[in-house]
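Breakdown of the fold
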Amino acid sequence: MTKILSVKNLVIKFHTFDGVVHALNNVSFDLQKGETLAIVGESGSGKSVSMLSLLHLLPMPPAKIENGEAWFYGAGKEPVDLLKLNRSGISKIRGGKIGFIFQDALSALNPVMTIGRQISESTMEHLGLSHAKAKEKTIKLLDRVGIPGARQRYDNFPHQFSGGMRQRVMIAVSMACNPKIVIADEPTTALDVTVQAQIVDLTKELQKEFKIAVVWITHDLGVVAGMADRVLVMYAGAPVEIAEAQDLYANPQHPYTIGLMNALPSVKGHEDSRLTSIDGMPPDLMEEPHHCQFAWRCPYTFDRCWKEIPQQIMVGENHVVSCFFDVENRRPRGHV
Amino acid sequence: MQRYILSRLIQSFIMLVGVLFIVFFMLQLTGDPVALMVSRNASPEQVEELREELGFNRPVMVQFADFVSKAVRGDFGMSLRHHQPAMELILERLPATVELASMALLFAMVVGIPLGLLGGSNPGSIWDTLARGAGLIGQTIPNFWLALILIMVFAVGLGWFPSFGRETRQFMGLALPTKSVILPAFALGLFTMGQLVRFTRSAVLEIKNEDFVRTAYSKGLADRRIYIKHILRNAAIPLISILGVQFGYLLSGSIYIETIFSWPGLGNLLAESIGNRDFALVQAIAFFTSLVVVSLNLTADIAYGMADPRIRYGE
Ligand SMILES: Nc1ncnc2c1ncn2[C@@H]1O[C@H](COP(=O)(O)OP(=O)(O)OP(=O)(O)O)[C@@H](O)[C@H]1O
Ligand SMILES: [Mg+2]
């Protein structure tokens, strides 16, 4: 396995009128070529912010990147730190190397531009295609993502498509320039269950075909089980556990992950497998964290949990957890 | 789209009927029109005779029906002062007003839209300060006052422009504008310019935060393309309605400016006809102006529908 992206110690704050929102506190993770990494976590845990920041898509201000690196290995021989790129540097990455699929395709597509143009404009920008070539490529792509009558549909507007078809268009937008990574931010939330499954399958197919690494942000652990190679669990602006999907389900280490798994209905893929049923509330992000952010809701806390912020600890091959307590053996982990 | 156009057509029609009604009763409200037409020492018999001749002795509803049936054929009667059909006078003066209004609109668009776009795309920048300043000035400076200042500075003081009147240049049968239109067009267009700056700026600020703009950025498009093809293209749809309304305002609202600059247009004719109590002419101008405004709004509405695919391809 080779890395395509390596994010290190990412810290992002929002400086708002009400105060400072500590949206991301020290996020580190790797993404491997061609894999699917799912990011799960409650609303407000920082899933979208962590991904949008990589492409400089956060409104700055109020957002400010206080610390961190994001090494991308897919733009030439040398890795580049995405966070340090200038405007033209990041423009080449956006769409060209890293594509984005947004949640609600109706609002994420320009209502007054044909969907064909919305795809071909990015191939013209990145691949330098002529109008005619871009159009042909777009029609092929529309066909590939399962739009019937792609040639006629090229000139249609977003409102003329159903929700599922629009999300297929969105997928085509994100993959138009053969990117190395596609980030999908809750791409199925707005869709009904059968359509959700089709979108998941389509993404998996295209990912194999074009060898794309996919970051799939979701609330839905059911979807995760079916499609992810690895899972990153976010809590209050930091990853609390990263593991291979099977490993995570079989052997969750962080008390938060364990809580999530227990809250899952026993039937896998049940549509109600959302992350809602752990007691307590996520912490106020206006407070600067000085200790484990899960301590308030954690059944296993001891004094250290209220004094330090846990660092990532390797607990197995490809399995890291940020917790001082070894739940399995009912004792604090040794100093690492 | 057809239903959309049909509903706009019906609305416009109802508007015009209302206008005819008001224009007709406007005359009745001023008291006895015949008394104003005759000399002060005319005998009651002479007054009565004229009343009969002009049909003012008939019941009001009959007069109204007669008025409407003539009005739809463009017949508003003779101007008492000019002894010429009112409609003919209007058509004679129309080109001057159209020239002035078009030039004013052109100025307002060329300055207002780009300035609004620049201001909205860089809030807090020097462009934004300029845009907000221009919006404020356009809305607060009265145009008749501005007209006087312009005449004092640029016509009387510097002598760069004529201070009154309209000159045209003949070219292939067309009467082209000359620099005589510049000062009146500037004075007239300033308000519209302010409106366009303000509207474009706030539309850009709003549209900038839409999800599809973030998508456009996520595709790595150049800023220029994002602002023109995505943001301005979306702002253009409501802008079309504003332009229609503003052009109507410019065509009908130039009474001060035309009077101050002695511009031989409709506004000037209206001022003169009011002064002369030339009722046929006042009625004709009032109706004609409303007709122009209503048709412009209708055109703008239809153009709006054409520009917005959600309406064009709607049911
Ligand atoms: N523009 C902003 N201004 C202030 N705070 C913001 C802004 N955008 C995000 N945040 C804050 O950053 C935190 C993380 O937000 P983010 O959108 O990443 O959450 P998320 O995990 O994607 O949640 P969801 O599942 O609801 O999409 C939240 O607490 C949110 O309030
Ligand atoms: Mg989100």
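Residues numbered from 1 in each chain as written. Chains lettered and ligands numbered in written order. Predicted model: local features only at pLDDT ≥ 70, side-chain atom pairs only at ≥ 80, totals over all residues. Heavy atoms only, no water.

**Some remarks on the interface of chain B and chain A**
Interface size is commonly expressed as the accessible area that is lost once the parts come together. In this complex, chain B contributes 22 residues to the contact, which on the side of chain A involves 27 residues. Between chain B and chain A, roughly 2200 Å² of surface is buried when both sides are summed, and carbon and sulfur atoms account for 55% of that area. Among the residues of chain B in contact with chain A, Arg214(B), Ser218(B) and Lys219(B) are the three that bury the most area, contributing 27% of the side total. Across the pair Glu121(A) and Lys219(B) runs a salt bridge whose closest N-O atoms are separated by 2.8 Å. The interface formed by chain B and chain A contains 13 residue pairs in polar contact (both at pLDDT 80 or more). Of all the elements, helix 10 (residues 223-252) of chain B adds the most residues to the side of chain B that touches chain A, at seven residues. In the side of chain B that touches chain A, the residues fall into seven nonpolar, five polar and 10 charged. (Contact = heavy atoms within 4.5 Å. Buried area = accessible area lost by both parts, 1.4 Å probe. Salt bridge = Lys/Arg side-chain N within 4 Å of Asp/Glu carboxyl O. Polar contact = N/O pair within 3.5 Å; in protein donor to acceptor, adjacent residues only side chain to side chain. Helix = DSSP H or I, 4+ residues; strand = E, 2+ residues; numbered from the N terminus. Nonpolar A, V, L, I, M, F, W, Y, C, P; charged D, E, K, R; others polar.)

**Re the packing of helix 9 (residues 211-218) of chain B against helix 10 of chain B**
Residues and elements named next belong to chain B. Relative orientation of the contacting elements helix 9 and helix 10 amounts to 160°, with a least axis distance of 10 Å. Judged by the inter-axis angle, helix 9 sits roughly antiparallel to helix 10. In terms of crossing hand, the pair formed by helix 9 and helix 10 is right-handed. Facing Phe212, Val213, Ala216 and Tyr217 of helix 9, the residues of helix 10 in contact are Asp223, Ile226, Tyr227, His230, Ile231 and Asn234. Class assignment for the residues of the contact of helix 9 with helix 10 results in seven nonpolar, two polar and one charged. (Axes fitted to C-alpha atoms, helices over the stretch in contact; angles between N-to-C directions. Parallel < 35°, antiparallel > 145°, perpendicular 65-115°, else oblique. Left-handed = near helix turned anticlockwise from the far one by under 90°.)

**Describing the sheet that holds strand 5 (residues 80-81) of chain A**
As a general point, the strands of a sheet are linked pairwise by backbone hydrogen bonds and lie either parallel or antiparallel. Residue and element names in this part refer to chain A. Here we have four strands laid out as an open sheet, ordered 2-1-4-5, and antiparallel in their pairing. Unpaired on one side and paired on the other, strand 2 (19-32) and strand 5 mark the two borders of the sheet. Summarising the sheet, strand 4 (residues 63-72) and strand 5 pair through two bridges and their orientation is antiparallel. Note on strand 5: the bridge partner recorded for Phe72 is Val80. Contacting strand 1 (3-16), strand 2 and strand 4, helix 1 (residues 47-54) crosses the sheet at an angle of about 110° to strand 1. (Pairing = 2+ DSSP bridges.)

**As for the pairing of strand 11 (residues 313-316) of chain A**
Residues and elements named next belong to chain A. Across three bridges, the pairing between strand 11 and strand 12 (residues 319-321) is antiparallel. Note on strand 12: the bridge partner recorded for Ile313 is Val321. Connecting strand 11 to the next strand, strand 12, in antiparallel fashion are two residues, including Asn318 with a positive phi near 55°.

**A few points about the packing of aromatic side chains**
Residues and elements named next belong to chain B. The full count for this structure, using the stated rule, is 18 aromatic pairs over all chains. When the centroid spacing of 4.9 Å and the interplanar angle of 85° are considered together, the rings of Phe24 and Phe25 count as edge-to-face. Of the residues examined, Phe24 reaches a relative accessible area of 4% and is grouped as buried. Aromatic side chains Phe25 and Phe64 sit 5.8 Å apart centroid to centroid with 35° between the ring planes, which places their arrangement in the tilted category. Of this pair, Phe25 sits in helix 1 (residues 2-29) while Phe64 sits in helix 4 (residues 60-71), and the two are 39 residues apart along the sequence. Classification of Phe25 as partly exposed rests on a relative accessible area of 22%. (Phe/Tyr/Trp six-rings, centres within 6.5 Å; stacked < 30°, edge-to-face > 60°. Buried < 20%, exposed > 50% of the residue type's maximum accessible area, 1.4 Å probe, protein only.)

**What to know about the site of ligand 1**
All names here are of chain A. The environment of ligand 1 is formed by 15 residues, the closest being Ser43, Gly44, Lys47, Ser48 and Val49. At 2.7 Å, a side-chain N or O of Ser48 approaches an oxygen atom of ligand 1. One of the side-chain N or O atoms of Glu186 is found 3.1 Å from an oxygen atom in ligand 1. Coverage of ligand 1 by the protein chains reaches 68% of its 630 Å² of free accessible surface. (Near = heavy atom within 4 Å. Areas by Shrake-Rupley, 256 points an atom, 1.4 Å probe, with all protein chains shown as cover.)

**Structural notes on the packing of helix 10 of chain B against helix 13 (residues 279-307) of chain B**
Residue and element names in this part refer to chain B. Where helix 10 contacts helix 13, the two axes come as close as 8 Å, and the packing angle between them is 170°. By the angle between their directions, the pair helix 10 and helix 13 is classed as roughly antiparallel. Where helix 10 abuts helix 13, its residues Arg233, Ile237, Pro238, Ile240, Ser241, Gly244, Val245, Phe247, Gly248, Leu251 and Ser252 lie against Thr289, Val292, Val293, Leu296, Asn297, Ala300, Ala303, Tyr304 and Ala307. For the contact of helix 10 with helix 13, the residue count by class is 13 nonpolar, six polar and one charged.

**Brief notes about helix 7 (residues 143-157) of chain B**
All names here are of chain B. A maximum bend of about 30° is found in helix 7 at Ile151. Tucked into the core, helix 7 has its buried residues touching helix 8 (182-208), helix 10 and helix 11 (255-260). Of the residues one or two after helix 7, Gly159 is the one with positive phi, at around 70°. (Bend = angle between axes of the 7 residues up to and from the residue.)

**Notes on the pattern of salt bridges**
This model, assessed by the stated rule, comprises 18 salt bridges over all chains. Across the salt bridge formed by Asp128(B) and Arg132(B), the nearest N and O atoms sit 4.0 Å from each other. Residue Asp128(B) and its partner Arg132(B) are both found in helix 6 (residues 126-140); the two are separated by four residues, about one turn of the helix. For Asp128(B), a relative accessible area of 2% translates into the label buried. Each of Glu121(A), Lys219(B) and Arg225(B) takes part in a single network of salt bridges with overlapping partners.

**Things to note about the nonpolar core**
By size, the foremost hydrophobic cluster in this structure holds 117 residues, and its most contacted members are Leu5(A), Phe29(A), Met51(A), Val169(A), Ile181(A) and Val231(A). Ignoring sequence-local partners within four residues, the contact set of Val169(A) consists of Leu109(A), Ile115(A), Ile119(A), Leu142(A), Ile147(A) and Phe161(A). Grouped together as the second largest cluster of nonpolar side chains are 35 residues, Leu105(B), Ala131(B), Met193(B) and Leu296(B) included. (Core = buried A, V, L, I, M, F, W, Y, C linked by side-chain atoms within 4.5 Å.)

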